[in-house]
Amino acid sequence: MSRDLSAVLSPDAPEQERNWWVHLILIVVCVIAMLPVVWMVMTAFMPRDVARAVPPQWVFTPTLDAFRVLIVDKGMLGFLKNSLIVSVSSTVLSVTLGMFCAYALARFDFAGKDDVSFWILTNRMMPAVAVILPMFLIFKTLDLLDTYLGLITLYTAMQLPFVVWMLKGYFEDVPRQLEEIALVDGDTWFGAFRRVVLPMMAPAITATAIFVLILSWNEYAFALFLSGSSTKTLPPAVVTFAVNAEVSWDVLGAACLIITAPIMVFVIAVQKQFIRGLSMGMVR
């Protein structure tokens, strides 16, 4: 027994034999992390009496009653549409505007550059609870309450600092010589940016867009106070399903599944670009 253990732990042992315990720990951690997700999916397809059962029942006949309640009685598709409009629009705007700002900070030298960078970062540090009341008064004065324009503008402003600081580091990793070669060939700064830098930055922009989309999709505080019956998004809408005296766990599980499914599908669809974007700055 001791000889076998020493053989596994010795430097000359095969790598798979030495690292079996690492893989075991990773498997256990992944299983524990996925248990809430598995239970959420199961609850979404449980009959109501099974969802309320104590202790929990793992064997049941799946049903779509909870989804029927959400779509027919709760108007869930309307909330889903609002979330898609606000999140996708704010993601496109914030990534587009932040991309140009990050490029300027990474490539050009101007007076107060460090101060501008720090000011952008401090905007991201500001907690939402500190500005909810002022934003509510501003929105009320400008007649932007319960409007797509108001939510999209606010979400874009919220995510811009994150986009700038994410992409600024990626732009700094792109060699300047590539743009200088394009300039020598007669191209403009914008042409060099569009034809040389932008294609190289596609993975990084994709990774940033995924993070921004997730943040916008899950935003709760501002959506709760600044949206209404016409523009209410999924997070504040789902909370209303759990504030009654008796919680419908099957309906709540189905609602959570509807919230998480679009993001999961999107991330899976672009996972290669996402992984490439995250690893861009790791190798110089």
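Here, the structure is the one placed above.
The subject of this paragraph is the packing of helix 7 (residues 113–125) against helix 9 (residues 148–173). At a closest axis distance of 8 Å, the pairing of helix 7 and helix 9 adopts a crossing angle of 130°. The orientation of helix 7 with respect to helix 9, classified from their angle, is oblique. The two elements helix 7 and helix 9 cross, and the hand of that crossing is left-handed. Touching Ser117, Ile120, Leu121, Asn123 and Arg124 of helix 7 are Met158, Gln159, Pro161, Phe162, Val164, Trp165 and Lys168, all from helix 9.

This part is about the environment of Phe136. Residue placement: Phe136 occurs in helix 8 (residues 132–141). In the structure, Phe136 is positioned 90 residues away from Leu226 in sequence and 6.4 Å away in space, judged by C-alpha atoms. Excluding its chain neighbours within four sequence positions, the residues that come into contact with Phe136 are Leu145, Phe225 and Leu226.

Those residues of helix 8 lying buried are Ile132, Met135 and Phe139. Viewed along the axis of helix 8, the buried residues span an arc of 65°, placing them on a single side of the element. Residues of helix 8 that are exposed and angled more than 90 degrees away from the buried face: Leu133, Lys140 and Thr141. For helix 8, the elements touching its buried residues are helix 9 and helix 13 (221–226). Of the residues flanking the end of helix 8, it is Asp143, one or two places downstream, whose phi is positive at about 60°.

About the thresholds
- Residues numbered from 1 in each chain as written.
- Predicted model: local features only at pLDDT ≥ 70, side-chain atom pairs only at ≥ 80, totals over all residues.
- Heavy atoms only, no water.
- Axes fitted to C-alpha atoms, helices over the stretch in contact; angles between N-to-C directions.
- Helix = DSSP H or I, 4+ residues; strand = E, 2+ residues; numbered from the N terminus.
- Parallel < 35°, antiparallel > 145°, perpendicular 65-115°, else oblique.
- Left-handed = near helix turned anticlockwise from the far one by under 90°.
- Contact = heavy atoms within 4.5 Å.
- Buried < 20%, exposed > 50% of the residue type's maximum accessible area, 1.4 Å probe, protein only.
- Arc of directions from axis to C-beta.

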